[in-house]
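Chain by chain, the residues run as shown.
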Amino acid sequence: MYKIKKTDLPKLYEAIARTQELYLPVSSAGKTNFAPWTENIQPDIDTLKTVRSPKDVFFPQCENLYTVTREEGKMKITPETLERENFVIFGIRACDVRALAVLDKVFLSDPMDSYYAARREHGVIVSLACGRPDVSCFCGTFGIDCAKPEGDVATWLYGEYLYWQPQTPKGEKLTASLEKLLEEGEETAVEEAKAAIRAICDKLPLKDLSLEKWGAEAAKNNFDSPLWEELYKGCLACGTCTFVCPTCQCYDIKDYNTGNGVQRYRCWDSCMYSDFTMMAHGNNRTSQMQRFRQRFMHKLAYFPANNQGMFSCVGCGRCVDKCPSHLNIVKVIKAFGKEEN
């Protein structure tokens, strides 16, 4: 266990960024999101949740896949270069670390996504325990302990210090490179921090949210429920929930005419859009109710049915905070719980 004074954190950031790229929560225009560290940014590790999750460090919102050019009457295909340099992403909360495990199930399964895999290989995750969990948080529902986050290094802000604990070989290597800045820390202080965090979690309004009616069996039990017709009616199909979600992985692939060839790229897409997965014959889900149902059935039924019970939700609460119609996964979970009572 190590520690560093909060006032010395700028030195820590600078030391990391001296040898590799560093991403961390940054405040800009009143909003906090993950961004690369530079000397002129305003780090903000006190804000509980970034507006968007840090998943786009590993799965960018938009990225080129390859370029096709015409040379001497022949077509030349040039794939984008895979990530080759190590980087550190600092300050990820426990829910967002678990979200990467969900994305791993998708992008590291056969056939493996080489772009995502390269970033995961070179990325070092420094997680940060949640000092004051919010009323919209329900990560405990999915077995996540926000007082003891996973990651290559786990950290805690407590008193005048940031406490630092390496948890993997990657974390040990990073820690060794920072030994001149870190000093021995006290396990008792971290245990006090964990106890304080868990005491807050015990008082959160969603701490008893039950998944009893969800899981693999829900694929057949909940699909035809009349509740969907009531639940979806306020949905604006804006896609906000999918873009702030740390586990959503849908994307579209498009081609751009460069004038001398084609640039193929992919960008995030949303199952809430009417043209999602549109094909020549039309769309398999022709109503907003069907699209609404698909989103939540995937997270709470289809995904666990195909991934050893792992849910495709981590309880971060971003959709609870951001949906303009107050439709979110908590409302869906509760509605089906009431139906069976």
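Residues numbered from 1 in each chain as written. Predicted model: local features only at pLDDT ≥ 70, side-chain atom pairs only at ≥ 80, totals over all residues. Heavy atoms only, no water.

**Examining the sheet that holds strand β9 (residues 161–166)**
Defined as follows: Two strands make a pair as long as DSSP finds a minimum of two bridges between them. The secondary structure listing takes helices from DSSP runs of H or I that are at least 4 residues long and strands from runs of E that are at least 2 residues long, numbered from the N terminus. Between two residues, a contact is recorded if the distance between any of their heavy atoms is within 4.5 Å. Comment: axis = line fitted to C-alpha atoms, over the contacting stretch for helices; angle = value between 0 and 180 degrees taken between N-to-C directions.
Pairing is mixed across the open sheet formed by eight strands, whose spatial order is β3-β2-β6-β7-β8-β9-β1-β10. Sheet topology places β3 (31–36) and β10 (183–184) at the edges, where each strand pairs with a single neighbour. As paired strands, strand β7 (residues 123–128) and strand β8 (residues 153–158) are joined by three bridges and run parallel to one another. Of the residues in β8, the one forming a bridge with L128 is T155. Along the sheet, helix α1 (residues 9–17) makes contact with β1 (2–5), β2 (21–28), β6 (87–92) and β9, crossing β2 at roughly 140 degrees. Here helix α3 (residues 114–122) sits on the sheet and contacts β6 and β7; the angle it forms with β7, its principal contact strand, is near 65 degrees.

**Observations concerning the sheet that holds strand β4 (residues 62–71)**
Strand order across the open sheet formed by four strands is β5-β4-β12-β11, with antiparallel pairing between neighbours. Each having just a single partner strand, β5 (74–79) and β11 (251–257) make up the two edges of the open sheet. Ignoring which end each strand starts from, the neighbouring axes of this sheet average 20 degrees apart. Across six bridges, the pairing between β4 and β5 is antiparallel. The partner of E71 across the bridge, within β5, is K74. Sheet strands in contact with α3 are β4, β5 and β12 (261–268), and its direction is about 125 degrees off that of β4.

**Regarding the side chain of T50**
Condition: Burial classes follow relative accessibility: with a 1.4 Å probe on protein chains only, a residue under 20% of its type's maximum area counts as buried, one over 50% as exposed, and anything between as partly exposed. Contacts described as polar in this section are N or O atom pairs within 3.5 Å, which, within protein, must combine one atom able to donate a hydrogen with one able to accept it, while residues neighboring in sequence count only if both atoms come from side chains.
If you trace the backbone, T50 turns up in the loop between β3 and β4. Classification of T50 as buried rests on a relative accessible area of 7%. Within the structure, the side chain of T50 is placed 2.5 Å from the backbone oxygen of R52, a separation counted as a polar contact. In this structure T50 touches P25, T32, N33, F34 and R318, once residues within four positions along its chain are discounted.

**Thoughts on the pattern of salt bridges**
Worth spelling out the cut-off: Definition used for salt bridges: Asp or Glu carboxyl oxygen within 4 Å of a side-chain nitrogen of Lys or Arg.
Taken as a whole and judged by the stated rule, the model has 18 salt bridges. The shortest N-O distance in the salt bridge between D8 and K11 comes to 3.8 Å. A salt bridge links D145 to R198; its shortest N-O distance comes to 2.5 Å. Remark: R198 occurs in helix α5 (residues 187–201) and D145 occurs in the loop between β7 and β8; sequence separation between them is 53 residues. Owing to a relative accessible area of 28%, D145 belongs among the partly exposed residues under this scheme. Of the residues examined, R198 reaches a relative accessible area of 32% and is grouped as partly exposed. The network of salt bridges with common partners includes E63, D113, R119 and R266.

**Considering the pairing of β9**
Of all six residues in β9, five are buried, a share of seventy percent or more. Sheet topology places β1 next to β9; four bridges connect them, and they run antiparallel. Considered in β9, the bridge of K5 is made with Y161. Where β8 lies against β9, six bridges are found, and the strand directions are antiparallel. Paired with T155 across the two strands is W164, which belongs to β9. Hairpin connection, β8 to β9: the antiparallel pair is bridged by two residues, and G159 has positive phi, about 65 degrees.

**Comments concerning α3**
α3 sits mainly inside the fold: seven of its nine residues count as buried. The complete set of buried residues in α3 reads Y115, Y116, A117, A118, R119, R120 and H122. One side-chain oxygen of the residue at the start of α3 lies 3.1 Å from the amide nitrogen of Y115, identifying that residue as D113.

**Some remarks on the packing of aromatic side chains**
Condition: Aromatic rings from Phe, Tyr and Trp, taking only the six-membered ring of Trp, are treated as a pair when their centres fall within 6.5 Å; an angle between ring planes under 30 degrees marks them as stacked, one over 60 as edge-to-face, and anything in between as tilted. Counted as over-ring charges are cases with an Arg CZ or a Lys NZ within 6 Å of the ring centre that also lie within 35 degrees of the ring normal.
All told, the structure shown has 17 aromatic pairs when counted by the stated rule. For the ring pair F58 and F87, a centre distance of 5.7 Å and an interplane angle of 50 degrees mean the geometry is tilted. With a gap of 29 residues between them, F58 in the loop between β3 and β4 and F87 in strand β6 connect regions that are remote in the sequence. An identical accessibility class is assigned to F58 and F87; each is buried. Each ring, one from F59 and one from Y251, has its centre 6.1 Å from the other, and the planes form 70 degrees; the classification is edge-to-face. In this pair, F59 sits in the loop between β3 and β4 while Y251 sits in strand β11, placing the two residues 192 residues apart along the sequence. Its relative accessible area of 1% is what places F59 among the buried residues. On the basis of relative accessibility, which here comes to 33%, the residue Y251 falls in the partly exposed class. Three or more aromatic residues joined by ring pairs make a cluster, and in this case those are F59, F107, Y116, F243, Y251, W268 and Y273. One Lys or Arg, R120, reaches over the ring of F58 and ends 5.5 Å from the middle of that ring. The residue whose ring lies beneath R266 is Y251, and the NZ or CZ to ring-centre distance is 4.7 Å.

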